[in-house]
Amino acid sequence: MSGVRAARLAVAAVIPAELLLVLCLASGMRIPPWAAVAAETAVLGVLVLEAWVLRGLYAAGRARGAGRGPALRGAVRTVVPVQVRRLLVHELRAGASLALWITRRRHGVGAGEHAAPYTGPQTAMMYGFVFVSVIETIALSVLIPWPAVHRVVLVIDVYGVLLMLALHAACVTRPHVVSADGSLRVRYGALFDLRVPADAIASVRVDRRYPEGRLVRLGEDGVLDLIVGSQTTVTVELARPLPFVRPLGAWGEACGLRFHADDPAALVAAVRAGREAATAR
């Protein structure tokens, strides 16, 4: 277990440490040879440790009768912290959402299902951030005289612009979804995804509020707020508590749910119509 714990700590530290070293070298900063050798030796040691721990966990999984895929996935889950895995998965899904956005397709919306967008309050802000970042990139390309530093800053700025666009694309292409039976899927891009079965919904109504706090907030009363642009417009009373996963992997349990939809009346009507149709059958 000590080897696994050391590997988990190392994998959470090696990526930013290596990135810092690369940025220093690319910017032309003089680094003592002994420091560079020590840093690369440490990184190599971490990689060897990761490989050794993963190999042992993979072999143990195979010995228990697991297939190659499940054994490898189990080893990775054990070594790589869930926060790191979720961040990597989120960035991959956000990048894929750019392709969906360009082709005007949506994720997880089937035939006959009601899609409810929720990006209205944040669209202008996101485009404002992108515009400011583009202006900053152009200004720095003129002001920075050192080619190495300019290349590093350019890569970082372009990546930042693409990441902001990808985050917004993930929200556009992953709307809330109301199924034909009145069940509900509440999402925020690739960061949050909660399925609410129809029989878990006691009531649903339009209810505009302006809560303060971060994106996902669980109040003392057990009500989960999914806040977009400092507001929520729909309140769902739950018939039973529902577990949910926070963006970085922590679990919680909600007794009620408040979230934003650009057209809350249409979403509420779709939920009620689906539940009535399912009851009539």
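For the structure itself, consult the block above.
Residues numbered from 1 in each chain as written. Predicted model: local features only at pLDDT ≥ 70, side-chain atom pairs only at ≥ 80, totals over all residues. Heavy atoms only, no water.

With respect to the sheet that holds strand β5 (residues 201–209)
Ordered in space as β5-β8-β9-β7-β6, the five strands form an open sheet in which the pairing is mixed. Two strands bound the open sheet, and with one partner strand each, they are β5 and β6 (216–218). Each adjacent strand pair in this sheet contributes to an overall mean axis angle of 35°, direction not counted. Alignment of β5 against strand β8 (residues 232–245), held across six bridges, turns out to be antiparallel. Note that in β8 the partner of isoleucine 201 across the bridge is leucine 238. Here helix α7 (residues 264–280) sits on the sheet in contact with β5, β8 and β9 (251–259), set at roughly 175° to β5. (Pairing = 2+ DSSP bridges. Helix = DSSP H or I, 4+ residues; strand = E, 2+ residues; numbered from the N terminus. Axes fitted to C-alpha atoms, helices over the stretch in contact; angles between N-to-C directions. Contact = heavy atoms within 4.5 Å.)

Details of the pairing of β9
In this sheet, β9 lies alongside strand β7 (residues 223–226) in parallel orientation, the contact comprising four bridges. Within β9, the position partnered with leucine 226 by the bridge is phenylalanine 259. Looking at chain direction, β8 and β9 are connected through eight bridges and run antiparallel. Looking across to β9, one finds that valine 234 is bridged to phenylalanine 259. Counting the residues that bridge the hairpin from β8 to β9 gives five residues, and of these glycine 249 lies at a positive phi of roughly 105°.

With respect to the packing of aromatic side chains
To describe a pair of aromatic rings, you give the distance between the ring centres and the angle between the ring planes. One pass over the structure, following the stated rule, counts two aromatic pairs. The interplanar angle of 55° and the centroid separation of 6.3 Å between the aromatic rings of phenylalanine 192 and phenylalanine 244 together place this pair among those described as tilted. Of the two residues, phenylalanine 192 is situated in strand β4 (residues 192–196) and phenylalanine 244 in strand β8; the sequence distance between them amounts to 52 residues. Side by side, phenylalanine 192 and phenylalanine 244 carry an identical accessibility label, which is buried. (Phe/Tyr/Trp six-rings, centres within 6.5 Å; stacked < 30°, edge-to-face > 60°. Buried < 20%, exposed > 50% of the residue type's maximum accessible area, 1.4 Å probe, protein only.)

Quick word on the sheet that holds strand β1 (residues 114–116)
Reading across the sheet, the four strands line up as β1-β2-β3-β4 and stay open at both edges, with antiparallel pairing between neighbours. Of all the strands in the sheet, the pair left with one neighbour each is β1 and β4. Averaged over all neighbouring strand pairs, the angle between strand axes comes to 15°, with direction disregarded. Pairing of β1 with strand β2 (residues 176–178) involves three bridges; the strand directions are antiparallel. Directly across from alanine 116, in β2, lies its bridge partner histidine 176.

Thoughts on the nonpolar core
Ranked by internal contacts, the top residues of the largest apolar core, which has 30 residues, are Leu184, Val196, Val236, Phe259 and Leu267. Of all the secondary-structure elements, those providing two or more residues to this core are β3 (184–188), β4, β5, β7, β8, β9 and α7. The element that contributes the greatest number of residues to this core is β8, accounting for five residues. Apart from residues lying up to four places away in sequence, valine 236 is in contact with Leu184, Ile201, Ser203, Val204, Gly256, Leu257 and Phe259. (Core = buried A, V, L, I, M, F, W, Y, C linked by side-chain atoms within 4.5 Å.)

Things to note about the pattern of salt bridges
Taken as a whole and judged by the stated rule, the model has seven salt bridges. We note a salt bridge from arginine 205 to aspartate 207, for which the minimum N-O separation is 3.9 Å. When its relative accessible area of 32% is taken as the criterion, arginine 205 is described as partly exposed. Notably, a salt bridge pairs glutamate 237 with arginine 205, separated by 3.3 Å at the nearest N-O pair. Linking glutamate 237 in strand β8 with arginine 205 in strand β5, this pair joins segments that are 32 residues apart in sequence. (Salt bridge = Lys/Arg side-chain N within 4 Å of Asp/Glu carboxyl O.)

Concerning helix α5 (residues 120–143)
Between its terminal C-alpha atoms α5 stretches 36 Å, which fits the 34 Å expected from 24 residues at 1.5 Å a residue. For α5, every residue scored as buried is listed here: Gln122, Met126, Val130, Ser133 and Thr137. (Expected span 1.5 Å × (residues − 1).)

Thoughts on α7
For α7, built from 17 residues, the straight-helix expectation of 24 Å at 1.5 Å per residue is met to within 8% by its first-to-last C-alpha distance of 24 Å. Taken together, the buried positions of α7 are Pro264, Leu267, Val268, Ala270, Val271 and Gly274. Around the axis of α7, the buried residues are gathered within 160° of arc, so they sit on the same side. Every exposed residue of α7 that faces more than 90 degrees away from the buried side is listed here: Glu276 and Ala280. For α7, the elements touching its buried residues are β1, β2, β3, β5, β8 and β9. (Arc of directions from axis to C-beta.)

Spatial relationships are all this shows, so hold off on functional conclusions.
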